[in-house]
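# Survey of secondary and tertiary structure
Chain by chain, the residues:
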Number of protein chains: 2
Amino acid sequence: MRAYALLGGPKEEWPTDIKEKFYQAKAQHDFIIGVDRGSLLLEEMQIIPDLAIGDFDSLKPPELELIEKNVPDIRYSNPIKDLTDSELMLQATFEDYQVKSLTILGATGGRLDHFLVNLMMLLNPAVTNYAEKITLIDKQNLLRFYLPGKNIVPRQKGYSYFGVVTLSPVSNLSIEGARYSLSQFSSTFPRAFSSNEFLTGSQSFNLSFDQGLVVVIFSKDIDRFHNI
Amino acid sequence: MRAYALLGGPKEEWPTDIKEKFYQAKAQHDFIIGVDRGSLLLEEMQIIPDLAIGDFDSLKPPELELIEKNVPDIRYSNPIKDLTDSELMLQATFEDYQVKSLTILGATGGRLDHFLVNLMMLLNPAVTNYAEKITLIDKQNLLRFYLPGKNIVPRQKGYSYFGVVTLSPVSNLSIEGARYSLSQFSSTFPRAFSSNEFLTGSQSFNLSFDQGLVVVIFSKDIDRFHNI
């Protein structure tokens, strides 16, 4: 089973085809998750999530009532907690519902501490192993997470650039078969290698490392003022 | 001497008063820096930067010529390099020009690998010591960086929330005098504590830790569709 989650990030950073994505997911009986305000935003699109997670403290009482009336599985989180809403979402999704892949939307833009919660959640050893099953998408970026080993990273249609960002200390990081190569790079602190590109005609590049968590950020140029 | 730098992030994430900020800075003879496309964006505002840094590979030849004609100090970086454009900017600004504080604009939005380069640059030990002199501002967020010790974090006018994000392993992190407290928290991996608030009437909170780099992200709710 595939899963799609909507978080509470601002609509202007959503992919332009987000409604079609969720309608298609619902039609295919994929698993739909709303995190905090994302649950309400789904209901506004006439999509009832299968699972809602959050402390919901930004919702007005009638908004929360709507979710409580419709959503079959609701998990209430505590603002003071060991796991963030996003980490709780990963545990519920992968452990209780055993989904095979998870696409996360609404994770970027707006308040940057919220985005960093979503970007950094996979550093928590309790959920790191789900990294390779997760894709994060907004209007201009697509993020895939990678664990140590030899990885073949496929080109993502429509995205011209990619950056390789180590979210942790990393050892022997190599990038092969891309415009800018990197050989056996090690660092005790995170590094971002931005603005790389696939070779013309190439459908993938090789990404290998021995230790750490790496995110590949695919991006494209967009006309932001006319695309909202 | 104070410094203001403009990076190449999308205009829609700029603070609404960015032009006034730069005109006032110029009038006060503050130091103005353009990083890569930010140099051109400054010239479009009729501001000639004192220093321009970048590989400028996203600029057309006449755009680069305009910068080369006007800007007194230009540093050309290499896309394959040990220090990113942002790190080079910090070195030049604090070492060659000995500025006392640096406000960075245009660092957020758009391609997320670019934002992460800017967020993570201070983890490089070559420039970490400048952390407390740096403020990063966009339309909705204000970021301040903190080094180990006992820090008093002042309220920032107009920002209702703050998040505390450890960008590195951290030890004995405590937050006191805020809505959500934290006591002697240690972690081997970065963590984001989002959506905290100042106590009513309080002008600061206490942030202490023994090891690591911490960013405090002040944020506010904005009506994003009507504020562009």
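Our subject is the structure that appears above.
Definitions and limits used
- Residues numbered from 1 in each chain as written.
- Chains lettered and ligands numbered in written order.
- Predicted model: local features only at pLDDT ≥ 70, side-chain atom pairs only at ≥ 80, totals over all residues.
- Heavy atoms only, no water.
- Phe/Tyr/Trp six-rings, centres within 6.5 Å; stacked < 30°, edge-to-face > 60°.
- Helix = DSSP H or I, 4+ residues; strand = E, 2+ residues; numbered from the N terminus.
- Buried < 20%, exposed > 50% of the residue type's maximum accessible area, 1.4 Å probe, protein only.
- Lys NZ or Arg CZ within 6 Å of the ring centre and 35° of its normal.
- Pairing = 2+ DSSP bridges.
- Axes fitted to C-alpha atoms, helices over the stretch in contact; angles between N-to-C directions.
- Contact = heavy atoms within 4.5 Å.
- Buried area = accessible area lost by both parts, 1.4 Å probe.
- Salt bridge = Lys/Arg side-chain N within 4 Å of Asp/Glu carboxyl O.
- Polar contact = N/O pair within 3.5 Å; in protein donor to acceptor, adjacent residues only side chain to side chain.
- Nonpolar A, V, L, I, M, F, W, Y, C, P; charged D, E, K, R; others polar.
- Core = buried A, V, L, I, M, F, W, Y, C linked by side-chain atoms within 4.5 Å.
- Parallel < 35°, antiparallel > 145°, perpendicular 65-115°, else oblique.
- Right-handed = clockwise from strand over helix to strand, strands pointing away.
- Least-squares fit on C-alpha atoms with pLDDT ≥ 70 in both.

Turning our attention to the packing of aromatic side chains. A full pass over the atoms with the stated rule returns 19 aromatic pairs over all chains. Relative to Tyr97(A), the ring of Phe31(A) lies with its centre 4.2 Å away and its plane at 35°, an arrangement referred to as tilted. One end of the pair, Phe31(A), is in strand β2 (residues 31-35); the other, Tyr97(A), is in the loop between α4 (85-96) and β5 (101-105), with 66 residues separating them in the sequence. Among the residues examined, Phe31(A) registers a relative accessible area of 5% and is labelled buried. With a centroid separation of 4.6 Å and 10° between ring planes, the pair formed by Phe94(A) and Tyr130(A) is classed as stacked. Of this pair, Phe94(A) sits in helix α4 while Tyr130(A) sits in the loop between α5 (112-120) and β6 (134-137), placing them 36 residues apart in sequence. On the basis of relative accessible area, Phe94(A) is assigned to the buried category, the value being 4%. With a relative accessible area of 14%, Tyr130(A) lands in the buried category. Through pairs of rings, three or more aromatic residues link up here, namely Phe162(A), Phe198(A), Phe205(A) and Phe218(A). Positioned over the ring face of Tyr161(A) is Arg111(B), at 3.7 Å from the centre of the ring.

Residue and element names in this part refer to chain B. Strand order in this open sheet of 10 strands is β4-β3-β2-β1-β5-β6-β7-β14-β9-β12, and the pairing throughout is mixed. Strand pairing shows two members of the sheet lacking a second neighbour, β4 (73-76) and β12 (192-197), which therefore form its edges. Shown here is a sheet whose adjacent strand axes are inclined to one another by a mean of 20°, direction ignored. As defined by bridge partners, strand β6 (residues 134-137) adjoins strand β7 (residues 141-146) across three bridges and the pair is classed as antiparallel.

It is worth spelling out the interface of chain B and chain A at this point. Facing the 49 residues of chain B at the interface are 48 residues of chain A. Carbon and sulfur atoms make up 64% of the area that chain B and chain A hide from each other, which totals about 3900 Å². Across the contact surface, chain B and chain A share two salt bridges. Among the salt bridges present, the one from Arg191(A) reaches Glu87(B), with a minimum N-O distance of 2.8 Å. Taken together, the connections running from chain B to chain A amount to 14 residue pairs in polar contact (both at pLDDT 80 or more). Mapped onto the side of chain B that touches chain A, the elements with two or more residues apiece are α5 (112-120), β7, β9 (161-166), β12 and β14 (214-219) of chain B. In terms of residues, the side of chain B that touches chain A owes the most to one element, α5(B), which gives eight residues. Grouping the constituent residues of the side of chain B that touches chain A by class yields 24 nonpolar, 12 polar and 13 charged.

Here the focus is the nonpolar core. Met89(A), Leu90(A), Leu102(A), Met89(B), Leu90(B) and Leu102(B) are the most contacted members of the largest nonpolar core, which has 80 residues in total. Those residues in contact with Met89(B) that lie beyond four places of it in its chain are Ala5(B), Leu7(B), Ile33(B), Val35(B), Ile53(B), Leu102(B) and Ile104(B). Counting 32 residues, the second-largest nonpolar core is a separate cluster that includes Ile32(B), Tyr159(B), Leu182(B) and Leu207(B).

All names here are of chain A. Contact pair helix α2 (residues 37-44) / helix α3 (residues 61-70): the axes reach a minimum separation of 10 Å and the direction vectors enclose 75°. Put simply, α2 runs roughly perpendicular to α3. Here Arg37, Ser39, Leu40 and Glu43 of α2 come into contact with α3, specifically with Glu63, Leu66, Ile67 and Asn70.

For the rest of this paragraph, the subject is the pairing of β4(B). All names here are of chain B. Where strand β3 (residues 51-54) and β4 come together, four bridges link them in parallel fashion. Among the inter-strand pairings, glycine 54 is bridged to a residue of β4, identified as tyrosine 76. Following the backbone out of β3, through helix α3 (residues 61-70) and into the adjacent parallel β4, one traces a crossover that is right-handed.

With that settled, the discussion passes to the relation of the copies chain B and chain A. Least-squares fitting of chain B to chain A yields an RMSD of 0.0 Å, with the transformation described by 0.0 Å of translation along the axis and a rotation of 180°. A rotation of that kind, with that shift, is consistent with a two-fold axis. Every residue of chain B has its C-alpha some distance from the rotation axis, and the shortest such distance is that of Gly109(B), at 3.6 Å.

Okay, the environment of Val214(B) next. Checked against the element boundaries, Val214(B) lands in strand β14. Setting aside anything within four residues of it in sequence, one finds Val214(B) in contact with Arg144(B), Phe145(B), Tyr146(B), Val164(B), Val165(B), Thr166(B), Val170(B), Leu173(B), Leu207(B) and Phe209(B).

So, about the sheet that holds strand β10 (residues 170-176) of chain A. All names here are of chain A. Ordered in space as β8-β13-β10-β11, the four strands form an open sheet in which the pairing is antiparallel. Pairing within the sheet leaves two strands with one partner each, and these edge strands are β8 (149-154) and β11 (182-187). On average, each strand axis in the sheet is tilted by 20° relative to the strand beside it, whichever way the strands run. Examined bridge by bridge, β10 and strand β13 (residues 204-209) share three bridges and lie antiparallel to one another. Each bridged residue has a counterpart across the sheet, and for serine 174 the counterpart in β13 is serine 208.

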